[in-house]
Amino acid sequence: MSFPVLSVSRRTRRTPFTNLVEAAGVKGYTVYNHMLLPTFFDSVEADYRHLKSNVQVWDVACERQVEIQGPDAAKLVQMLTPRALSRIKIGQCLYTPMVDEEGGMLNDPLTIKLADDRYWVSIADSDLLLWVKGLALGFGLAVQITEPDVSPLAVQGPKADDLAARVFGDAVRNIRFFRSAWLPFQGQDFLVARSGYSKQGGFEIYVEGAEWGEPIWDALFAAGGDLDVRAGCPNLIERTEAALLSYGNDMTREHTPDECGLEKFCDAASACVGHAALQARRADGLGRQIRSLAIDGDPVPTVTQPWPIFGAGKPAGQVTSAAWSPDFQTNVGIGMIDRAHWHAGAAVEIETPAGMRTATIKAGPFI
Ligand code: THG
């Protein structure tokens, strides 16, 4: 089948790493926050196998930072999320669902506290900066909101500690999950956090200053030859097994954090602009929620439009991500499913482009 090209222009922003990503043989891109995000290098399945056994370097510059700085920064960040931020420490990262005044999901970023009056909100794929600027203006808050020249570079996989230690020193080994440290590279300090969009472990380097992109990438590859370090990217199979949610795919503004299974990240912080709406929607009872599922049969194609789910022949939700898992020898999926069918073990049917398939709801992620 022939396929039209995606035309690239200035709006489809390149990253500080794009030249090297292309030299490494990137084969697919998607667009995320108006920026290039690689989707595979060898094949999605070969990349998956390598990610789970070695170490990869990922250009995730598209995880843009919304910087909130000023006397009202803490107040504004708390308005964005139902997750309580009162106890966040400097250097800590928190997964923070962000909602509008109706409790609808606007984004699911990591929020990093850099100082008492300075935060980075490391966003998923929606224009959160516009909402944040609107709130600041409307509430007359004393803050500056910018998109700084910061491009995350992830080091992911079981050998990530060894590789990162060779470039940033053994101090990386002491960084706890979702904590960070400022570590030197060629005389400049960079924020290195133990985080990343996989369950294989690793770090994210917040590369501040585009001119540092190529030197840091090159240093990681120079240090990791014997570790079989390769260029990689968030992997559809691995993240679906892990049920790492993808904003715009698995959830949208139509959904509340509760529906997205993110209730444990919502402490009902009353300063959140969506607080009252979320409480009211919660009181009405949850009618649907995200679940992992196993879809029977041969490998399914990629989800480009949600696939209808049927329970006992009636509409029961939709599948929003799916991939064949070599490790689990089944298709793994993520879907939003109605209450009547969301219990573990429930048998449902999925209308895929490859025909109707039986599927089973899982109690939790595959990994
Ligand atoms: N790293 C950074 N920025 C990001 C992402 C990232 N921005 C975009 C996107 N990813 C935001 N979404 C997520 C979703 C899941 C996780 C991180 C960011 C994640 N979740 C773990 C889980 O669900 O198991 C851990 C959550 C927790 O325990 O708090 O890591 O990857 N910089």
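Computed from a prediction, not measured in an experiment: that's the story for all the values here.

Draft legend 1. Geometry of the site of the ligand. Around the ligand there are 17 residues in total, and Glu63, Ser122, Lys199, Glu204 and Tyr206 lie nearest to it. At a separation of 3.3 Å, a nitrogen atom of the ligand approaches a polar side-chain atom of Glu63. At a separation of 2.7 Å, a nitrogen atom of the ligand approaches a polar side-chain atom of Ser122. Relative to its free-state accessible area of 640 Å², the ligand is covered by the protein chains to the extent of 87%. A class-by-class count of the residues in the shell around the ligand yields eleven nonpolar, two polar and four charged.

Draft legend 2. How the structure looks around the nonpolar core. Phe168, Ile205, Ile216 and Leu220 are the most contacted members of the largest nonpolar core, which totals 67 residues. Looking at this core element by element, the count peaks at six residues for helix 5 (residues 160-168). Apart from the residues lying within four places of it in its own chain, the contact partners of Leu220 are Val57, Leu153, Val155, Leu163, Val167, Ile205 and Val229. Within the second largest apolar cluster, 22 residues are counted, among which are Met79, Leu85, Leu106 and Leu135.

Draft legend 3. Quick look at the sheet that holds strand 4 (residues 65-69). The strand order across the open sheet built from five strands is 5-8-9-4-10, with neighbouring strands paired in antiparallel fashion. Strand pairing shows two members of the sheet lacking a second neighbour, strand 5 (93-95) and strand 10 (144-146), which therefore form its edges. Looking at each pair of strands side by side, their axes are set apart by 20 degrees on average, direction ignored. Taken together, the five bridges between strand 4 and strand 9 (residues 118-122) define a ladder with antiparallel strand orientation. Directly across from Ile68, in strand 9, lies its bridge partner Tyr119.

Procedures and definitions
Residues numbered from 1 in each chain as written. Predicted model: local features only at pLDDT ≥ 70, side-chain atom pairs only at ≥ 80, totals over all residues. Heavy atoms only, no water. Near = heavy atom within 4 Å. Polar contact = N/O pair within 3.5 Å; in protein donor to acceptor, adjacent residues only side chain to side chain. Areas by Shrake-Rupley, 256 points an atom, 1.4 Å probe, with all protein chains shown as cover. Nonpolar A, V, L, I, M, F, W, Y, C, P; charged D, E, K, R; others polar. Core = buried A, V, L, I, M, F, W, Y, C linked by side-chain atoms within 4.5 Å. Buried < 20%, exposed > 50% of the residue type's maximum accessible area, 1.4 Å probe, protein only. Helix = DSSP H or I, 4+ residues; strand = E, 2+ residues; numbered from the N terminus. Contact = heavy atoms within 4.5 Å. Pairing = 2+ DSSP bridges. Axes fitted to C-alpha atoms, helices over the stretch in contact; angles between N-to-C directions.

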